[in-house]
Structure formats: C-alpha cells, structure tokens
Amino acid sequence: MFAISSRMTIGLATALSVATLSPALSGEGSLRKNAAAPLERKAFSAEDQQAAKIPGFENVRFYADSVDGFRRAMPTVRGPWLALSAGGEDGAFGAGVVNGWTKADSRPDFSLVTGVSTGALIATFAFLGKDYDAKLRDAYTSITAADIFELTPTQESLVDAWPLKRLIEKSVTPELVQDIAAAYREGRRLFVLTTNLDAGRPVVWDIGAIASKGNPAALDLIRQVLLASSSIPGLFQPVLINVRAEGQKFQEMHSDGSIGTPFYVMPEALMSRTGTDLPLTDLYILINGKLQPAFDVSPRSVLSILGRSFSVALKAGERLEIGLLTRWAQKGGVPIHVAAIDPKLNVPTRGAFDPDYMGALFAAGEREAVTGRAFVEAIPDTQPSDRADAQP
C-alpha cells in the first residue's frame, strides 16, 4: 500500500530517536533486545526458486520481465489500461483522481489495472469501479500513522507494520475478492507487483486469477501480496510466502514492489518493439507524487537520508519509465495520458500520514479529475522548479 517518502522517514526518524533514547518509550531497550542473531530460514537453491509454485495457485504470477508470462496473463478484452505508481501517503492524490473521474462521469472502463506499493490498494478499488469509491476515499483520508505502523523494532525492521496488516485485512473482504473474480471472468485483469528479494526480481501477481479460486486461501494470499507490495525493506517486515518445489517446502521473501519498478505496464522487452498487438486502446499512468526533482534539506539521520535517497531514485525511475513508454506509445499509435501532483502544490505536513496533508492531496486529485486537467498527453515538465541550467 505505502512506499517510503521523505516526509514519512523524517517523522519516523524523529520518533525513533526519541524511542531509542527513552527506555519507557522503547520497551526497555527493545532496539538492543531485537538486535539478536538473524532469524533462520530454510536454505534453497536458484533452481528451487525457479521451480517454486504455491500449492493450489500454480498459474497466478510471473516475473515482471517475462514476455511469455505477461502475454499469458493479458486481458482478453480490449480497452484502456491504468498503471498506478508507488508514493506513500501521496497515494491520496491518486485516490482523489479516481473519485474525481466518477464525479465527472468520465471514468474509463479499464481492461487492465496495475499497482505498485501504495498504487496496489488504489488499483484494487479502481479496478472494481465506482461502488468502491467511498472505501478508497476512507482508506486515504481517515487514517493516521498509527494505522500503518507501531514504533517498535523487530529483527527484520525498524518499525512493526502489524497495523498495516490489520488495515489490509479490514479492507480486503471476501465480498471484494468475489467482485474481483467476477471481473476476471469477464476478461479484465488486475496486476499487483512485489519484489522477490531471494530472486532479486519483481513479480507480477494476477489478483483475479487468485480470486477466481474462490476459497479462503485465495483471500489470505491476496492480503499477503498487498502487504508485501508495500513492505518497505528495512523499515517494515518482509512477507514470507509458502511455496513448494519438487516436494520441498520453503518460504520466499517478498517486499515492496517499487524496489524493482515505480509502476508497471509491460516487460521492457516489449517497449523496444515497433507497433503493438496488445489489447489496449489508451494508456493512463497515474503517478502518486511529483515528477520534478525538488530542493529539500535532509536531516542528518539514517532514516531521513535513506528516505530522501529512495525518493530521488523513485522519481528518476518514474521519469525514465515514462520516457520509454511515451516513445513506445508514439510508435504504436497508442494515446498515452500521464497524471502527477502539480509541482506548484505545496501542502504543509505534521509528519508521516498526516490526515490533513492526505486530505488536501485527495481534494487536489479529485479537483483535477473533475475539471479534466489531471492527465496530459505528453511527458510532464520534469525540470526542477528553479532554473534548469543552474550550477550544482
């Protein structure tokens, strides 16, 4: 659900500094207590990983760079596609855009929706249509940091993400899974990305194929995938998924989908080909954040430096991916539409997952969609807000 952001890490850095210095807040030195020997995992080989299957869910995922896997999982109906990016609490902007589409009665009927990290939850609701708009709005305007993490470190993370796990369990209901399965049977597709840390590759999960199994295990697996897609490595715990290969059982380690890609449309190998035989009419890319580099004085703390670095890398990846897709779309005659937060929009924040901040972003996204200004049919200006030719 939520990828890392500079605002998030600054708030966490401050809180964790206090917790580390105060035994009363840190559970009597829980940072030191949890710095024990690493948790053991059952060893397995690259060959085991290549052959790994989830019992009962043998054909519900593929590596993001696999052309064959992508083609097998593509929607069977032609229509517009929507890709939603990572972006942490800035996902409130994307949620607002989706709600604004409905208000303006201009919402496309997407045949494929993909989501990475915060975009994964938005994608799930956006895929299901306007009946889920209220749930999407609530998910991004009525939560606080306490609904996402607890300031208690674990052996695998700096904070404990059990509240996020609980939030996903409340949001992803059996009824929602049934609705995803129904859309899947109509030929529409919903993809969510995680990163397999063992394989070192992003994985695409066909959520509709999972939902179509129609059993409690499908509900559990979808919840696991959504949690893994937003589990920032080092900050939140990774998600361990049970698999089997040649009779051997072991666990894969999955984490934030944005490690491998900021958003997902297709394998990069397909972008180099002229023309398209893909079943899409238009491509919409919804960036949950600003595309432009922005000046920001980074505090001297581990989390703040990591967060700022991750944010810079994410924006660079987004701009590169949009450039590649724009050139591919132009060659193939596919209309491409890109939305991102207005670089001139500056909303004050009091820390990670500030409801007022997220509410303002939601309102901005909704307003842009209602007025028809959310998407542009060209690469948005990606230069810094100051002079592009200024010396570093």
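A brief look at the structure comes next. Nothing here was measured: the structure is a model prediction, and the numbers come from that model.

### Details of the overall build of the protein
Consideration 1: Assigned secondary structure in the protein consists of 15 helices and nine strands.
Consideration 2: Here the protein, with 392 residues, has 53% of them falling under the buried criterion.
Consideration 3: Within the structure as shown, the protein displays about 17,400 Å² of accessible surface, and the carbon and sulfur contribution to it stands at 53%.

### Quick word on the packing of helix H9 (residues 162-171) against helix H12 (residues 216-229)
Helices that pack against each other are described as a pair by the angle of their axes relative to one another and the distance between those axes.
Consideration 1: Contact geometry for H9 and H12: axes closest at 10 Å, N-to-C directions at 135°. Judged by the inter-axis angle, H9 sits oblique to H12. Relative to H12, the crossing made by H9 is right-handed. Every residue of H12 that contacts H9 at Leu164, Lys165, Ile168 and Glu169 is listed here: Arg223, Leu226 and Leu227.
Consideration 2: Along the lines of polarity and charge, the residues of the contact of H9 with H12 split into four nonpolar, no polar and three charged.

### Some points on the packing of aromatic side chains
Consideration 1: For the structure on display, the rule yields 13 aromatic pairs.
Consideration 2: Judged by centre distance (6.2 Å) and plane angle (70°), the ring pair of Phe70 and Trp81 falls under edge-to-face. Of this pair, Phe70 sits in helix H5 (residues 67-73) while Trp81 sits in strand S2 (residues 79-84), and the two are eleven residues apart along the sequence. You'll find Phe70 and Trp81 in the same group, each marked buried.
Consideration 3: Ring plane angle 40° and centroid distance 6.3 Å describe the contact between Phe149 and Phe236, whose orientation is recorded as tilted. On the criterion of sequence distance, the pair formed by Phe149 in the loop between helix H8 (133-141) and H9 and Phe236 in the loop between H12 and strand S6 (239-245) is long-range, its members being 87 residues apart. For the residue pair Phe149 and Phe236, the accessibility class agrees, reading buried in each case.
Consideration 4: Joined through ring pairs, the aromatic side chains of Phe62, Phe70, Trp81, Phe191 and Tyr264 make up one cluster.
Consideration 5: Over the face of the ring belonging to Phe127 we find Arg188, whose NZ or CZ atom lies 4.3 Å from the ring centre.
Consideration 6: It is Arg201 that lies over the ring of Tyr63; its NZ or CZ is 3.8 Å from the centre.

### A short note on the nonpolar core
The nonpolar side chains of a soluble globular protein tend to be buried, and buried together.
Consideration 1: Leu82, Tyr140, Trp205, Ile207, Ile210 and Phe236 are the most contacted members of the largest nonpolar core, which has 79 residues in total.
Consideration 2: Judged by nonpolar contacts, the second largest core, of 34 residues, contains Phe62, Trp81, Phe263 and Trp328.

### Observations concerning the pairing of strand S8 (residues 280-286)
Consideration 1: By the criterion of burial, S8 is predominantly enclosed, with six of the seven residues buried.
Consideration 2: Direction of pairing for S2 relative to S8: parallel, over a ladder of five bridges. Looking at S8, one finds that Ala83 is bridged to Ile285.
Consideration 3: For the crossover that starts at S8, traverses helix H14 (residues 302-332) and ends in the parallel strand S9 (residues 336-339), the hand is right-handed.

### Quick look at the pattern of salt bridges
Consideration 1: All chains considered together, the criterion is met by eleven salt bridges.
Consideration 2: For Asp65, the salt bridge is made with Arg201, and the minimal N-O distance between the two is 2.7 Å. Residue Asp65 is found in the loop between strand S1 (61-63) and H5, and its partner Arg201 is found in strand S5 (residues 201-206); the two are separated by 136 residues along the sequence.
Consideration 3: We classify Asp65 as partly exposed; its relative accessible area is 46%.
Consideration 4: When the shortest N-O distance is used, the salt bridge between Glu366 and Lys103 registers 3.5 Å. Taken together, the residues span a long stretch of sequence, with Glu366 in helix H15 (residues 355-370) and Lys103 in helix H6 (residues 91-103) at a distance of 263 residues.
Consideration 5: Classification of Glu366 as buried rests on a relative accessible area of 15%.

About the cut-offs
Residues numbered from 1 in each chain as written. Predicted model: local features only at pLDDT ≥ 70, side-chain atom pairs only at ≥ 80, totals over all residues. Heavy atoms only, no water. Helix = DSSP H or I, 4+ residues; strand = E, 2+ residues; numbered from the N terminus. Buried < 20%, exposed > 50% of the residue type's maximum accessible area, 1.4 Å probe, protein only. Areas by Shrake-Rupley, 256 points an atom, 1.4 Å probe, with all protein chains shown as cover. Axes fitted to C-alpha atoms, helices over the stretch in contact; angles between N-to-C directions. Parallel < 35°, antiparallel > 145°, perpendicular 65-115°, else oblique. Left-handed = near helix turned anticlockwise from the far one by under 90°. Contact = heavy atoms within 4.5 Å. Nonpolar A, V, L, I, M, F, W, Y, C, P; charged D, E, K, R; others polar. Phe/Tyr/Trp six-rings, centres within 6.5 Å; stacked < 30°, edge-to-face > 60°. Lys NZ or Arg CZ within 6 Å of the ring centre and 35° of its normal. Core = buried A, V, L, I, M, F, W, Y, C linked by side-chain atoms within 4.5 Å. Pairing = 2+ DSSP bridges. Right-handed = clockwise from strand over helix to strand, strands pointing away. Salt bridge = Lys/Arg side-chain N within 4 Å of Asp/Glu carboxyl O.

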